[in-house]
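Report on the structure
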Amino acid sequence: MNEQHQLSKSEVIEAIPLACSDELAAVEFFEAVRWTDNPICVHCGSAEVYKMLDPKTGQRNKRYLWRCRACGKQYTVRIGMVCEESRLPLRHWCYAFWRASTSKKGVAALEIQRHCQISYKSALFLMNRIRFAMAPDNPAAEKLTGTVECDETYVGGKPRIRGNATRGRGTKKTPVFAAVERHGRIRRQVIADVSGRTLKGAIREMVDKQARIMTDDFVSYNGIGNEFTGGHHTVAHSTNEYVRGDIHTNTAESSFAILKRGIMGIYHNVSKEYLHRYLWQFDFLWNARKMNDGERTAVAIKLAEGKRLMYKQPLAA
Ligand SMILES: [Zn+2]
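The structure displayed is predicted, hence computed values, not measured ones. The written sequence of each chain sets the order in which its residues are numbered from 1. Local features in a predicted model are, by the rule used here, given only for residues with pLDDT of at least 70; side-chain atom pairs are given and counted only at 80 or more, and totals for whole chains, interfaces and linings are based on all residues. As a rule here, side-chain values come from all non-hydrogen atoms in the structure, and water together with hydrogens is ignored.

1. Focus: the overall build of the chain
Put simply, DSSP marks the helices as runs of H or I at least four residues long and the strands as runs of E at least two long, and each gets a number from the N terminus on. In terms of regular secondary structure, the chain is built from 10 helices and eight strands. Exposed residues in this analysis have more than 50% of their type's maximum accessible area, buried residues have under 20%, and partly exposed residues fall in between, with area computed by a 1.4 Å probe over protein chains only. By the burial criterion, 49% of the 317 residues in the chain qualify as buried. Residue contacts are defined here by distance: any two heavy atoms, one from each residue, within 4.5 Å place the two residues in contact. Considering only contacts within the chain whose residues lie at least 6 apart along the sequence, 61% involve residues at least 24 apart. For the chain, the accessible surface area stands at approximately 15,500 Å², while carbon and sulfur atoms represent 52% of it. Where accessible areas are quoted, they stem from the Shrake-Rupley method and a 1.4 Å probe; at the residue level, only the protein chains shown are allowed to cover.

2. Brief notes about the coordination of the zinc ion
For the zinc ion, the full set of protein donor atoms is Cys41 (SG), Cys44 (SG), Cys68 (SG) and Cys71 (SG), at a range of 2.3 to 2.4 Å. Water is absent from the atoms considered, so a metal site may look incomplete; donors are defined as N, O and S atoms within 2.8 Å of the metal, or 3.2 Å for Na, K and Ca. Irregular is the label for any site that misses the other tests, which are tetrahedral for four donors with all angles between 85 and 135 degrees, and square planar for four donors or octahedral for six when opposite donors exceed 155 degrees and the remaining angles lie between 65 and 115. Given four donor atoms and angles of 103 to 119° at the metal, the environment of the zinc ion is assigned as tetrahedral. Sequence positions of the residues that donate to the zinc ion give the spacing C-x2-C-x23-C-x2-C. Of this pair, Cys44 sits in the loop between helix 2 (23-35) and strand 1 (49-51) while Cys71 sits in the loop between strand 2 (66-68) and strand 3 (74-75), placing them 27 residues apart in sequence.

3. So, the pairing of strand 6 (residues 186-190)
Pairing between two strands requires that DSSP report at least two bridges joining them. As defined by bridge partners, strand 5 (residues 174-181) adjoins strand 6 across five bridges and the pair is classed as antiparallel. If you follow Ala178 over to strand 6, its bridge partner there is Arg188. The antiparallel pairing of strand 5 with strand 6 creates a hairpin that spans four residues between the two strands, and His183 there sits at a positive phi of about 60°.

4. Thoughts on the nonpolar core
In this description, a nonpolar core means a group of buried Ala, Val, Leu, Ile, Met, Phe, Trp, Tyr and Cys residues linked to one another through side-chain atoms lying within 4.5 Å. Among the nonpolar cores identified, the biggest contains 50 residues, and Phe29, Phe30, Leu90, Trp93, Phe97 and Ile112 are the most heavily contacted of them. Elements supplying a minimum of two residues to this core: helix 1 (9-19), helix 2, strand 2, helix 3 (90-102), helix 4 (109-116), helix 5 (120-133), helix 8 (275-287) and helix 9 (293-303). Residue contacts for Phe30: discarding those within four places in its chain leaves Val77, Met81, Cys83, Leu90, Trp93, Cys94, Phe97 and Ile301. Ranked by size, the runner-up nonpolar core spans 19 residues in total, among them Leu144, Val148, Ile191 and Val194.

5. Focus on the pattern of salt bridges
One side-chain nitrogen of Lys or Arg within 4 Å of one carboxyl oxygen of Asp or Glu is enough to make a salt bridge. All chains considered together, the criterion is met by 15 salt bridges. Notably, a salt bridge pairs Arg99 with Glu111, separated by 2.6 Å at the nearest N-O pair. Pair noted here: Arg99 is in helix 3 and Glu111 is in helix 4, with a separation of 12 residues, a long-range link. In this structure, the salt-bridge partner of Arg182 is Glu149, at a minimum N-O distance of 2.4 Å. Placement of the pair is Arg182 in the loop between strand 5 and strand 6 and Glu149 in strand 4 (residues 147-155), with a sequence separation of 33 residues. A cluster of three or more residues bridged by salt bridges with shared partners is formed by Glu28, Glu31, Lys51 and Arg60.

6. Focus: the sheet that holds strand 3
One open sheet accounts for three strands, arranged 1-2-3; its pairing is antiparallel. Where the open sheet ends on each side, the last strands, each with one partner, are strand 1 and strand 3. Where strand 1 meets strand 2, three bridges bridge the pair, whose relative direction is antiparallel. Bridged to Tyr50 within strand 2 is Arg67.

7. Observations regarding the state of the cysteines
Pairs of cysteine sulfur atoms within 2.5 Å are what we label disulfides. Using the criterion set out here, one finds zero disulfides in the structure. Of the cysteine sulfurs around Cys116, a residue in no disulfide, the closest is that of Cys20, at 8.0 Å.

8. Describing the sheet that holds strand 6
The five strands lie next to each other as 6-5-4-7-8, forming an open sheet whose pairing is mixed. The outermost strands of the open sheet, each flanked by one partner alone, are strand 6 and strand 8 (232-235). Averaged over all pairs of adjacent strands, the angle between strand axes in this sheet comes to 25°, irrespective of strand direction. Interaxial angle, 0 to 180 degrees, is taken between N-to-C directions of lines fitted to C-alpha atoms, where a helix line uses only the stretch in contact. Helix 8 contacts strand 4, strand 5 and strand 6 of the sheet and is inclined by roughly 170° relative to strand 6.

9. Digging into the packing of helix 3 against helix 5
Interhelical geometry of helix 3 versus helix 5 gives an angle of 60° and a closest axis separation of 10 Å. As the angle between them shows, helix 3 and helix 5 are arranged oblique. For the element pair helix 3 and helix 5, the recorded crossing hand is right-handed. Every residue of helix 5 that contacts helix 3 at His92, Trp93, Ala96, Phe97 and Ala100 is listed here: Phe125, Leu126, Met127, Arg129, Ile130 and Ala133. Three classes are used, and their members are as follows: Ala, Val, Leu, Ile, Met, Phe, Trp, Tyr, Cys and Pro are nonpolar, Asp, Glu, Lys and Arg are charged, and the others, Gly among them, are polar. Looking at the contact of helix 3 with helix 5, its residues break down into nine nonpolar, one polar and one charged. Put simply, angles under 35 degrees are roughly parallel, angles over 145 are roughly antiparallel, angles from 65 to 115 are roughly perpendicular, and the rest are oblique. Each crossing gets its handedness from the near helix: less than a right angle anticlockwise from the far helix is left-handed, clockwise is right-handed.

10. What about unusual backbone geometry?
The phi dihedral of Thr36 falls on the positive side, at around 45°, and the residue is not glycine. For Thr36, the position within the fold is in the loop between helix 2 and strand 1. Not every positive phi belongs to a glycine, and Tyr64 is a case in point at roughly 60°. With respect to the helices, strands and loops of the structure, Tyr64 is situated in the loop between strand 1 and strand 2.

Listed below in structure tokens is the structure:
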């Protein structure tokens, strides 16, 4: 009935250029990524579905509609994805997903605007929805394990004085916390301040209780080791000690360097209220770094499923 099939890695790579320029190819690419061999009704979940054809041409209906035999409803692949409420062609979504998923330094809305020949406002809308698609689905269920480096930084420059838990307050500098598994996943979040209460709270929220915690000797981390089976190991950055055996926070620091280069190089600056969206994107790129460009793009599109109902609240933040 439906001749969809799951795209292989090389087919994904080959499909993307056409899907960025041809609307039917874009629709079929999104359908293949979302449903693979098993297209289902977005309303009732039935597999008794078919592509509607234009009676005159015998080709697919101009709106790329599907119809469900079980519930009788019609729908498109956009329904239930971040692109549901958009009228922008799916080929532009495809291009923006591909660029956002493959550019190590991030991608500017201006570039999307120029390439797709859409308004800057539309390009921003696309990028914001795509960043939201990249946000973790269920952060509470995805705690970091093993050796986890924890560190904090300021985006927008470092304050001059270190060691004061209220540093950066009242400036445009935004504190960001990172927890990174050695050779694994990353989670970052914008934090209110760098007090012990805030930083330890972030560690508890993101890191599994069995983990081995690595930080520098910043006082706010003192005492966190009691709560983690693997203990708390520190290097004394305050006295220029950066590595002792396998104890260091180099992974977390290099993740911040990449983040800052991306934000400053492409976006110039990001205000505090929007920074969390960029963290979603840069964390996604880090976590999917071992995939090839096609797989990473397909995963981002797949993540866009189910995000529609949630986006209003986080994007308003
Ligand atoms: Zn149905």
